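Listed below, chain by chain, are the residues.
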Amino acid sequence: LNMSSVVPEQGIRISEHLREWVEEFSIVQGSVDRNSFKEGGTFIGYQEDTCISIVFHVIKQMYPNNHKLDGVNAVNVLAECKAELLKMVATDAVFRLKNSLLSIHSDVNELMEQYFNLRITSLVEYLERIIAIQGKNDTGAHLTLATTHSRLLTDRDVDEFKLRLCEVKNKVEIMSLSLQQFQTEQEYIREIQVFLRRNRFTKTVLLVQCERGEDNAKLVACARHMVEDELKERRREEATKINIFIVFLILLNRQAYGTKFASYCGGDWNTVHIDDIRSLEYTGMLPMSFVIGKQIYELFEGYQPDTKTFPTHLVCQKMKFTNCIQNAASRLQDQNGSEERTYDRVRDILNILQDIHYSDTFTELLCQRLAK
C-alpha cells in the first residue's frame, strides 16, 4: 500500500514541498559531485516515502477530527513536518547548512539554532529534556526511536545516566535491554511486562538497544509493536497514568548515501538521531554549538603561554589534543615517500608523550602554535 493512495491531493503537494526542502538542505553549493551528500546521509533513516509519511501523521495529529485529511493549513503543516525531520538530521549536516542550497533563500542560522535547542547532541541530554517536559504535562508513556552512529551503552554508562538523571528528578530508574539477548518473543515480552509493572510511582526509563539496525529492521519493528500492545493492555488493566520513557536505541553504520533502515515511525513514536549518545563530559568534547563557525585559533583565545593557563572551556580538551597527535603524525607524507621516516616520527612522538617530563611541555607548545 503506497502512502500516496491514502493522502489527499493537498497532502501530496505539501510532501512535494517538503521533499524539495530536504534536497536543498542536503546539497552543498559548488560541490563537484552533487551526489556527495545525499538525503539519506543527512536525514538518518530517510527513505523515499518518509516525507509523505510525515505529512500523513502530522495532519492526523494536528487535525484529529479531520478524517478526510484535507482543508488543512498547509503552512503550519509544512513547518511542523520540517521540525519532525530536523530531529533526524546528522550533526555534520548542520555544520554544512551555511553552504547548502537552502542557505540561498532561507535563514539557516535560525534553523541551526532550532536544531541545537532540541538538545539531542547526547542521549542523557535528550532524556533530561523529555523528563522535564513530561514532568510538567504528566502525559504518560513517552516512546522514542533513536538512531546513532556511536557504540551502544555499557552497564557502566547506564549507571552514569542514572546518576545524571536523578539530578533532574529525585528518583529515576533505568533498565537496559538488548534485543540480541533474547532467544524467543516470549522472553522479550515477559521482560517488557516486568518493566511495566515495576516502579509504578517513579519515573522509569527503558533502553532497548539493537546492533546492526540495517540487518535487524524487522526485529526492531516487531519489538516496537509488542511494546505498543503491552502498553494498551496495561492501560486497560489500570486507571493510573504511566510515568515511563521507552527508548529504542538503534546502531547504524555511517554511510554518505544513507541506510536502508527506515527510522520514522509516526503515531506515538518520536524519531531522533543522536550522533554520539554519551554526554560531552564523558567524551571530553566541546559543545558543537560553541565551535560551529569558528577557526581553530579562535578556540584558543584566552590561552596564556606565560602562565600555561588554559581557558575554562579548554581544560578538558588537553587530553583530547594528546590523543589526536599519533593519528595526525601518521598522516604526514614525506616527499620521498619513506615509510621508515613516518614510523620513526610516530615512535619519537609517542616516546615524548609517555615521558612525564616532556609530555606537558609538548602539549603546551602545540597549544601555543594553534593559538597563533
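Attention in this report is confined to the structure presented alongside it. These numbers come from a predicted model, not from an experiment. (Residues numbered from 1 in each chain as written. Predicted model: local features only at pLDDT ≥ 70, side-chain atom pairs only at ≥ 80, totals over all residues. Heavy atoms only, no water.)

For strand β3 (residues 203–210), a buried count of eight out of eight residues is recorded, marking the element as mostly surrounded by other parts of the structure. Neither face of β3 is exposed, since Lys-203, Val-205, Leu-207 and Gln-209 on one face and Thr-204, Leu-206, Val-208 and Cys-210 on the opposite face are all buried. Sheet topology places strand β2 (residues 172–178) next to β3; seven bridges connect them, and they run parallel. Note that in β3 the partner of Met-175 across the bridge is Leu-206. Pairing of β3 with strand β4 (residues 244–251) involves seven bridges; the strand directions are parallel. Bridging from a neighbouring strand, Leu-206 pairs with Ile-246 of β4. (Buried < 20%, exposed > 50% of the residue type's maximum accessible area, 1.4 Å probe, protein only. Helix = DSSP H or I, 4+ residues; strand = E, 2+ residues; numbered from the N terminus. Pairing = 2+ DSSP bridges.)

The next subject is helix α15 (residues 339–354). The first and last C-alpha atoms of α15 sit 23 Å apart over 16 residues, in line with the 22 Å expected at 1.5 Å per residue. Among all positions in α15, only Thr-342, Arg-345, Val-346, Ile-349 and Leu-353 are buried. In a view along the axis of α15, the buried residues occupy a sector of 90°, so they form one face of it. In this structure, α15 carries Glu-340, Tyr-343 and Gln-354 as exposed residues pointing more than 90 degrees from its buried face. (Expected span 1.5 Å × (residues − 1). Arc of directions from axis to C-beta.)

With that settled, the discussion passes to the packing of aromatic side chains. All told, the structure shown has seven aromatic pairs when counted by the stated rule. For the ring pair Trp-21 and Phe-43, a centre distance of 6.0 Å and an interplane angle of 50° mean the geometry is tilted. Separated by 22 residues along the polypeptide, Trp-21 in helix α1 (residues 9–26) and Phe-43 in the loop between α2 (39–42) and α3 (50–62) bring together distant segments of the chain. For the pair formed by Trp-21 and Phe-43, the shared burial category is buried. Note on Tyr-115 and Phe-116: the rings are 5.3 Å apart at their centroids and 75° apart in plane angle, and the pair reads as edge-to-face. For Tyr-115, a relative accessible area of 2% gives the class buried. Phe-116 gets classed as buried once you look at its relative accessible area, which sits at 17%. Taken together, the ring pairs connect Trp-21, Phe-25, Phe-43 and Tyr-46 into an aromatic cluster. When the ring centre of Trp-269 is taken as origin, the NZ or CZ atom of Arg-224, which lies over that ring, is 5.3 Å away. (Phe/Tyr/Trp six-rings, centres within 6.5 Å; stacked < 30°, edge-to-face > 60°. Lys NZ or Arg CZ within 6 Å of the ring centre and 35° of its normal.)

Take the nonpolar core next. One broad trend across soluble globular proteins is that nonpolar side chains are buried collectively. Counting residues in each nonpolar core, the largest one holds 60 residues, and the members touching the most others are Trp-21, Phe-25, Leu-85 and Leu-123. Counting residues per element, this core draws most heavily on α3, which supplies seven residues. The contacts of Leu-85, once residues within four sequence positions are left out, are Leu-18, Trp-21, Val-22, Phe-43, Tyr-46, Thr-50 and Ile-54. Of all hydrophobic cores here, the second largest spans 28 residues; its members include Tyr-188, Val-208, Ile-244 and Cys-265. (Core = buried A, V, L, I, M, F, W, Y, C linked by side-chain atoms within 4.5 Å. Contact = heavy atoms within 4.5 Å.)

The next subject is the packing of α1 against α3. Two elements in contact, α1 and α3, have axes separated by 8 Å at closest approach and are oriented at 125°. Taken as axis vectors, α1 and α3 run oblique relative to one another. Considering the relative orientation of α1 and α3, their crossing is right-handed. On α3, the residues that touch Gly-11, Ile-12, Ile-14, Ser-15, Leu-18, Arg-19 and Val-22 of α1 are Cys-51, Ile-52, Val-55 and Ile-59. (Axes fitted to C-alpha atoms, helices over the stretch in contact; angles between N-to-C directions. Parallel < 35°, antiparallel > 145°, perpendicular 65-115°, else oblique. Left-handed = near helix turned anticlockwise from the far one by under 90°.)

A few words on the environment of Ser-100. For Ser-100, the location among the structural elements is in the loop between α5 (91–95) and α6 (108–117). A relative accessible area of 1% places Ser-100 in the buried class. Residues in contact with Ser-100, not counting those within four places in the same chain, are Glu-24, Phe-25, Ile-27, Val-28 and Gln-29.

Honestly, it's all geometry; don't read function into it.
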